[in-house]
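# Architecture at a glance
What follows is each chain in one-letter form.
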Amino acid sequence: MAASRRDCVQAPPAVILPGGGARGAYQVGVLKALSELLPGRALPFPVIAGVSAGAINAGVLASHAGDFRHAVERLEHFWGSLRCERVYRTGWGHNLVSGLHWLAAMTLGGLGVANPRSLLDNRPLAQLLERELQPEGIARSIKQGSLRALFVTASGYATNRAVTFCQAGGDFRPWRATRQAGLATRIDHRHLLASAALPLLFPAQCIGNEYYGDGGMRQTAPLEPALRAGSDRLLVIGTRDERPDPEPEAVTSYPALGEIGGYLLDVIFMDHLSRDLERVERDNRTWAAIPEDHRAATGLRRVDTLLLRPSVDLREVAERHMHRLPASVRALLKGIGAGHGRLVGYLLFEAEFCRELIDLGFADAMDRRDEMAELMAPEME
């Protein structure tokens, strides 16, 4: 819970959808539970902010904001029918050429060998998003009033900042802060692709004059876009549990490249969010300590937040499903020391894994239905 400056008169609730690769399927389960608990057809969150895989979920929600249950059904079908080859190329030939390209670039880079752009080729995802996303639906949702703002964040490699692309009504105001900017634009599949361009794994996406990568890299304040839109009730759907890992009882082996990669993705997608939620909680305590007749002068307000996150370690779930990865991808991950669930879980775009995460998200949300009802009390009347 937190307090922040109000940029708008009204205070619409918001949903925050951080990244997580294939773990993004968990968010669909939470949204499915919410669609069954809330009455009415329209999206209960007029403000949507998404990053990486969360940006994909946000884009689909925004394009069908007038019919929340239909939007969730589309998301469930999208994730529940995924295969890795619909997200990135999985053929032995391609992965062999990619591996040799990296090797040649590292050893012969000064002899005319072009630097590789990424470990994996996500052109299938680009084609999938172009078919699935309906940009005209976003504009229609805003015009009809069922959507107030859609925020999609990507990291600009040239400007070294987090750029939040926003499609909103006429009250949106662009902003600039330290290593951050908010820009008004018409969001399409390219913005989602840029936001989901996992560093090193997927290639950056060019928008305008700049290449963009995964939004989680530079977005140190994931709640900021929704707060700038005036939201004072935030539902945050995480993609990682927060149980601490046990202390090692003996000296561990040196971390492999794949293990380091998975560690970095964990930091990108959830650590910034956790710190931002803590900051918001501190602001709330400050707001509460200020005498009521002085609060207006501070520009602070109370902001209620609810964080829903997996009740189990998704690394364990990913390890159970790792055999579903195409053999070429398993070999590639094994080659970089990623034979466990941390990095695997980000790349396991297989229907069985995704459906298990959807079911888990649904169950976790239902277990906390009372907290969701408290947060969404006006919408549930």
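These numbers were taken from a predicted model, which means no experiment stands behind them. (Residues numbered from 1 in each chain as written. Predicted model: local features only at pLDDT ≥ 70, side-chain atom pairs only at ≥ 80, totals over all residues. Heavy atoms only, no water.)

### Digging into unusual backbone geometry
Under the convention used in this document: Runs of E in the DSSP output that reach at least two residues are strands. Runs of H or I that reach at least four are helices, and both are numbered from the N terminus.
Although it is not a glycine, Arg-179 sits at a positive phi angle of roughly 60°. Along the chain, Arg-179 falls in the loop between β5 (175–177) and β6 (180–184). Despite not being glycine, Leu-200 shows a phi value in the positive range, around 70°. For Leu-200, the location among the structural elements is in the loop between α7 (189–195) and β7 (205–207).

### Comments concerning the packing of aromatic side chains
Each aromatic ring pair is summarised here by two numbers: the centre-to-centre distance and the angle between the ring planes. To keep things clear, this is the line we draw: Any pair of Phe, Tyr and Trp rings, taking the six-membered ring for Trp, is counted once the centres come within 6.5 Å. Such a pair is stacked with planes under 30 degrees apart, edge-to-face with planes over 60 apart, and tilted for the rest. Only protein chains enter the area calculation, which uses a 1.4 Å probe; residues under 20% of their type maximum are buried, those over 50% are exposed, and those in between are partly exposed. Only lysine NZ and arginine CZ atoms are considered, and such an atom sits over a ring when it is within 6 Å of the ring centre and within 35 degrees of the ring normal.
Counted by the stated rule, this structure contains eight aromatic pairs. Between Phe-78 and Trp-79, the aromatic rings sit 5.7 Å apart at their centres with planes inclined by 80°, giving edge-to-face as the arrangement. Among the residues examined, Phe-78 registers a relative accessible area of 8% and is labelled buried. Among the aromatic residues, ring-to-ring pairing joins Phe-78, Trp-79, Tyr-88, Phe-202 and Phe-349 into one connected group. Its end group placed over the ring of Trp-287, Arg-295 keeps NZ or CZ at 4.0 Å from the ring centre.

### Looking at the packing of helix α3 (residues 68–80) against helix α14 (residues 351–367)
For any two helices packed against each other, one specifies the inter-axial angle together with the distance between the axes. Condition: For every element, the axis is a line fit to its C-alpha atoms; helices are fit only across the contacting stretch, and the angle between N-to-C directions ranges from 0 to 180 degrees. For classification, angles of less than 35 degrees are called roughly parallel, those exceeding 145 degrees roughly antiparallel, those between 65 and 115 degrees roughly perpendicular, and all remaining angles oblique. Working rule for contacts: check all heavy atoms of both residues, and any pair within 4.5 Å makes them a contact. Residues are grouped as follows: nonpolar covers Ala, Val, Leu, Ile, Met, Phe, Trp, Tyr, Cys and Pro; charged covers Asp, Glu, Lys and Arg; every other residue, Gly included, is treated as polar.
Taken N-terminus to C-terminus, the directions of α3 and α14 make an angle of 140°; their axes are 8 Å apart at the nearest point. With respect to α14, the element α3 is oriented oblique. Note on element contacts: α14 touches α3 through Ala-351, Cys-354, Arg-355 and Ile-358, opposite Glu-76, Trp-79 and Gly-80. Residue classes in the contact of α3 with α14 are distributed as four nonpolar, one polar and two charged.

### Some remarks on the side chain of Arg-233
Our working definition: Residues adjacent in sequence count toward polar contacts only when both atoms are side-chain atoms; beyond that, a polar contact is any pair of N or O atoms within 3.5 Å, and within protein one must be able to donate a hydrogen and the other to accept it.
Topologically, Arg-233 is positioned in strand β9 (residues 233–237). Of the polar contacts made by the side chain of Arg-233, one reaches the backbone oxygen of Leu-375; its length is 3.1 Å.

### Description of the packing of helix α1 (residues 25–37) against α3
Going by this rule: Each helix crossing is assigned a hand: it is left-handed if the near helix lies turned anticlockwise from the far helix by less than a right angle, otherwise right-handed if that turn is clockwise.
Following both chains from N to C, one finds α1 and α3 inclined at 150°, their axes separated by 9 Å at the closest point. Classed by the angle they form, the pair α1 and α3 counts as roughly antiparallel. Here α1 and α3 pass one another in a crossing that is left-handed. Here Ala-25, Val-28, Leu-31, Lys-32, Leu-34, Ser-35 and Glu-36 of α1 come into contact with α3, specifically with Phe-68, Arg-69, Val-72, Leu-75, Glu-76 and Trp-79. A breakdown of the residues in the contact of α1 with α3 according to their chemical character gives eight nonpolar, one polar and four charged.

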